[in-house]
Amino acid sequence: MSIRLKPLISAVLIAFSVFGFSQGFTLTGKIIDEQQKPVSFVNVTLFETDSETFLKGTSTDDNGVFEISSLSEGKYTLKMSFIGFKTIEKVIAISKNTTLETIVLKVDSETLDTVTITAKRPTITRKPDRLTFNIENTALTEGSTLQVLKSTPGIIVSEGSINIKSAPATVFINNRRVQLTSDELIQLLDSAPANSIKSVEVITNPPASYDADSSSIINIIMSKNLVTGYRGSVSANYTQGVFPRYNGATSHYFKNNKVNLNINYSYTNQKINRKQENSVNYFDTNGNIDQIWNSDIDRNTKSETHNVNLNFDYYLSEKTTLSLTSTALFTPYFKYKILNNTSITDSNSNFLESFTANNLSRDDKLNIGTDLNLSTEFENGSRLSFNGHYTDYRYNRNQDVFQNNLNQPDSEFNTIANQDTNIYTAKSDYSLPINETSSLDAGMKFSNVNTDSDITLREIINGVEVINAASSNAFDYDENIFAVYANYSKSWENWDLIIGLRAELTNVEGFSPTLNQTNTQDYFKWFPNASLSHNITDNFSLYGNYKRSITRPSYTLLNPFTFFLNENTIVVGNPALQPTLQDHFIIGSSFLEHFTVEAYYINYDGAINEIPRQDNTNNILAYTPVNLDKTVDFGFDFAVDIYPTKTWNLYFVTSFYNISEENGFGNDRIKLDQWANYSILSNNFAFLKDNSLNVSFNLTYVGKNLQGLQIVDDRLVSDLSITKSVFKKRGVLSLSVEDVFNDQDYRMNTRYLNQSSRQFTNSDNRFVKLGFRYKFGNTKLNTNERSIDAEERDRIKDLQ
């Protein structure tokens, strides 16, 4: 581990080594009020006297003292401002280290009255390709980042996933992709404070600058900060579900005139339970039920995870910045235990056989990703940036399976699986403002992905391990993608237009040395996008969007290995998987400020779904990914976002949609379709005079729907969360309850041709969570927190 963590440790040392770069003269001073008491957190900014160009900024400490260093000789305009006081401006001359006389702020009664009586609300801005939810300086910033997403119109957070409507969303922070699994991402956002968030963008039609696989995006925009200083926080969460879960996190941010440094660390210890009831009807050659297999499955996953994130910015000049971002995820302990009891009967429910199967897996995982970025802005307002990225991902699994059969000999085997992945990307982006109403973006990107995997199966025969060569394998995967894009935006009168085009050339080779089998994919694809909107009146607008995108299979799905849940239930990869192409059309209207109506149509060519396929001859159920020949999703959405009172926000959306799926299996062909409803009712309340008590209550109804040739029954997702600011808003207490009505578990049914199975999943999604976060240092500071932007990292998945 010490060798693996060297890149991250080196990055931290580099960050701290730059703190001593400051030079020049220093300006210091002290600010007090009319009662001679020091005033903390006063914004102190320095401007060029002639051009009013901002140069440096800071804020006063608890003693009312400020310091601005690295100043050149000359005249400056010094500005001091704080809410409720009159702003002071004065011209100063710097020729040596200077200490100003004590400065007295006077109360501005009009400003103070305005601030204390009214509270700012979140606002919504709609553009052709996105919705922007502005929350800066609102009560929502007192909670967690996850709570902000739950309150954002169009975003659904539930059951370990973050969706825009029913589709999984890709999360960005300041236009940089967050490279974590869904569970890890939710855990990170839940422990991250929201007081640095300016807005949340819900981008339903991402421009061509985003990777072609980004069909729906959530972009969290952090506020920019001018003042210098230090800020930190610590937090802890306790969750009680079936088993207790613990999480602790700390965040530290430092800024001076040359350096921004943000370091975050979190530790999670959790045990998650999932129970399933499975039933499979196996058919004879005449199509009649031969045997019925009923299984009760109890899964427990216990894990410990360490997550470290480093963000470092060094300002080479006023307009040029060098940035380093590194994220390390280390899971030294991951224990996955499955207890399976299966009973076998004939079609008349007469008992035939039974068996128990115990599956115990011990895993460890290391995932380190690092970005180096250089960006500069030119005099004409254009911007040029270069980015390099590297990921080192390693995953190991040791699995033991023991099956005890009632009327057959027992069986026991062990599998050892390893996966090593290296990702390299390089890209360049250029943005040019053509004039005040139009702009042009262009860029290129190259990525290389190489992953080596192997699995060895050892059967235990009379206490002796014997390698099963037929079930042992290796797989080498190599992928190269070269992409170029251009994006143009234009606004005039009441019209807004965005058009873009992205082209990607992909070369893939998958090789199994054990099978001596090679699979190659070479393709060139165009990905256009367009958005057009027209504001007919202040209360009525029309818009339309189109985007073509791609979903590439994860590296694990392409892996031909077989993973055993027991001897008769397996997970099998598919090296012949092809990417999915999506064409997405939307037309809609916003009216009367609060209402939106949309109609949409999505065509999927080769949608990837992991489906259960039963072998009726050998009584084996195999979960395997396939490309469906055709999938179509179309529907109609209605949404309203309104404030019934000043402190109550109500958001409601309902979607009626139809999904049809079509595929061929040998000489047989099937087509299934299902109408469904998806509805959300979200309520957010602020209480008390200072809005320090916030309550959120959300209901999501998911009607009976079709997913991967399986019918999923309806369910109700519910959550309640309460936050209270304490200790002069330095601390936040939180309490949340998930699955309030205990109606969140679901049933799935498969019935077509000679396939017939049912599954009920009881997930560990009903829990109570208690948390506390405390902020210290200068809490007015905003961070430079961001995440690594590499689309290729998203397709890393753990071994199944």
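The rules behind the values
- All residue numbers refer to positions counted from 1 along the written sequence of the respective chain.
- Totals for whole chains, interfaces and linings use every residue, but because this is a predicted model, local features are given only for residues with pLDDT of at least 70 and side-chain atom pairs only at 80 or more, for both listing and counting.
- Side-chain numbers come from the whole structure's heavy atoms, not from hydrogens or water.
- Working definition: helices are DSSP H or I runs of at least four residues, strands are E runs of at least two. Numbering for both runs from the N terminus.
- To sort residues, take the accessible area from a 1.4 Å probe on protein chains only and compare it with the maximum for the residue type: under 20% means buried, over 50% means exposed, and anything in between is partly exposed.
- Should any heavy atoms of two residues lie within 4.5 Å, those residues are considered in contact.
- Areas reported here follow the Shrake-Rupley algorithm with a probe of radius 1.4 Å; residue values treat only the protein chains shown as occluding.
- Centres within 6.5 Å make a pair out of two Phe, Tyr or Trp rings, where for Trp the six-membered ring is used; the pair is then stacked when the planes are under 30 degrees apart, edge-to-face when over 60, and tilted otherwise.
- Criterion for a charge above a ring: Lys NZ or Arg CZ within 6 Å of the ring centre, and within 35 degrees of the ring normal.
- What makes a salt bridge here is a side-chain nitrogen of Lys or Arg within 4 Å of a carboxyl oxygen of Asp or Glu, nothing more.
- Paired strands, as defined in this entry, are two strands with at least two bridges between them according to DSSP.
- Between N-to-C directions, angles span 0 to 180 degrees; the directions come from axes that are lines fitted to C-alpha atoms, helices contributing only their stretch in contact.
- Contacts described as polar in this section are N or O atom pairs within 3.5 Å, which, within protein, must combine one atom able to donate a hydrogen with one able to accept it, while residues neighboring in sequence count only if both atoms come from side chains.
- Per-residue confidence from the predictor is given as pLDDT, running between 0 and 100.
- Here, patches come from residues exposed beyond 30% relative accessible area and free of salt bridges, joined within 9 Å for like charges and within 5 Å for nonpolar side chains (Val, Leu, Ile, Met, Phe, Trp, Tyr).

Draft legend 1. View of the overall build of the protein. Of the regular secondary structure elements, the protein holds 6 helices and 48 strands. Put simply, the protein has 800 residues, and 52% of those count as buried. A fraction of 65% describes how many contacts in the protein between residues 6 or more apart in sequence connect residues 24 or more apart. With the model as given, the accessible surface of the protein reaches about 36,000 Å², and the carbon-plus-sulfur share is 54%.

Draft legend 2. Broad picture of the packing of aromatic side chains. Inspection of the entire model under this criterion finds 20 aromatic pairs. Taking the centre distance of 6.5 Å and the plane angle of 35° together, the rings of Phe475 and Tyr477 count as tilted. The class of Phe475 is buried, set by a relative accessible area of 3%. Note on Tyr477: relative accessible area 3%, which makes it buried. Through pairs of rings, three or more aromatic residues link up here, namely Tyr282, Trp293 and Phe355. Lys271 extends its terminal NZ or CZ atom over the ring of Phe243, reaching a point 4.2 Å from the ring centre. If you follow Arg613 out to its NZ or CZ, it ends over the ring of Phe665, 3.9 Å from the centre.

Draft legend 3. Fine view of the pattern of salt bridges. All chains considered together, the criterion is met by 12 salt bridges. The partner of Asp392 in a salt bridge is Arg394, and the shortest N-O contact between them spans 3.0 Å. Residue Arg394 is classed as partly exposed on the basis of its relative accessible area, which comes to 27%. Three or more residues are tied together by salt bridges with common partners; here these are Arg502, Glu504 and Arg552.

Draft legend 4. Geometry of the sheet that holds strand β32 (residues 562-566). Spatial strand order, β32-β33-β37-β36: 4 strands in an open sheet with mixed pairing. Two strands lie at the open edges of the sheet, namely β32 and β36 (607-615), each paired on one side alone. The average undirected angle you get between the axes of adjacent strands in this sheet is 25°.

Draft legend 5. Fine view of the side chain of His389. Note that His389 resides in strand β24 (residues 383-405). A distance of 3.3 Å separates a polar side-chain atom of His389 from the backbone oxygen of Thr370.

Draft legend 6. Here's a closer look at the confidence of the model for the protein. Scored by pLDDT, the protein has a mean of 84; 86% of the residues are at 70 or more. Ignoring residues within four places in sequence, the model shows residues 110-120, a span with pLDDT below 50, making 8 contacts including any to other chains. Predicted confidence for residues 783-787 stays below pLDDT 50, and this span has 34 contacts to residues more than four positions away or in other chains.

Draft legend 7. Structural detail: a nonpolar patch on the surface. Together, Met444, Phe446, Phe482, Val484, Leu501, Leu505, Phe524 and Trp526 give the surface a local cluster of nonpolar side chains, amounting to about 730 Å² of exposed area. At the level of elements, β26 (438-461), β28 (473-492), β29 (495-512) and β30 (517-537) are the ones that each hand at least two residues to the nonpolar patch. Tracing the backbone through its elements, the reader meets Leu505 in strand β29. Assessed through its relative accessible area of 38%, Leu505 is described here as partly exposed.

Draft legend 8. Structural context of the side chain of Glu504. Its location among the elements puts Glu504 in strand β29. A polar contact of 2.5 Å, which involves the side chain of Glu504, links it to the side chain of Arg552. The residues contacting Glu504, other than those within four sequence positions of it, are Ala212, Ile481, Phe482, Ala483, Tyr523, Phe524, Lys525, Phe527 and Arg552.

Draft legend 9. Representation of the environment of Ile570. Looking at where Ile570 falls in the secondary structure, it is placed in strand β33 (residues 569-572). Between the alpha carbons of Ile570 and Pro612 there is a distance of 9.6 Å; along the sequence they are 42 residues apart. Each residue touching Ile570, except ones within four places of it in the same chain, is listed here: Thr562, Phe563, Phe564, Ile620, Leu621, Ala622 and Tyr623.

Draft legend 10. How the structure looks around the pairing of strand β25 (residues 411-435). Direction of pairing for β24 relative to β25: antiparallel, over a ladder of 21 bridges. Looking across to β25, one finds that Tyr395 is bridged to Gln419. Counting the residues that bridge the hairpin from β24 to β25 gives 5 residues. One ladder, built from 22 bridges, connects β25 with β26; its direction is antiparallel. Paired with Ser431 across the bridge in β26 is Asp441. Here β25 folds back onto β26, and the loop between the two strands holds 2 residues.

Draft legend 11. Layout of unusual backbone geometry. Positive phi is not limited to glycine here, since Gln36 has a value of about 65°. Counting through the fold element by element, Gln36 comes out in the loop between β1 (25-32) and β2 (43-48). We classify Gln36 as exposed; its relative accessible area is 55%. Even without glycine at this site, Ser70 takes up a positive phi of about 60°. Here Ser70 shows up in strand β4 (residues 65-71).

Draft legend 12. Molecular detail of the pairing of strand β47 (residues 755-763). Relative to β47, strand β20 (residues 259-283) runs antiparallel, the two sharing 7 bridges. Opposite Lys275, over in β47, you have Asn762 as the bridge partner. Bridging between strand β46 (residues 746-752) and β47 involves 7 bridges; their strand directions are antiparallel. Of the residues in β47, the one forming a bridge with Thr750 is Ser757. Linking β46 to β47, which pair antiparallel, is a turn of 2 residues; within it Leu753 sits at a positive phi near 45°.

Draft legend 13. Inspection of the environment of Glu479 at higher detail. Positionally, Glu479 belongs in strand β28. Taking the C-alpha atoms as reference points, Glu479 and Glu509, separated by 30 residues in sequence, lie 6.5 Å from one another. Here Tyr477 takes part through its side chain, which lies 2.6 Å from a polar atom of the side chain of Glu479.

Draft legend 14. Main features of the environment of Lys255. Within the secondary structure, Lys255 is located in strand β19 (residues 244-255). Along the primary structure Lys255 and Phe312 are separated by 57 residues, whereas in three dimensions their C-alpha atoms are 9.9 Å apart.

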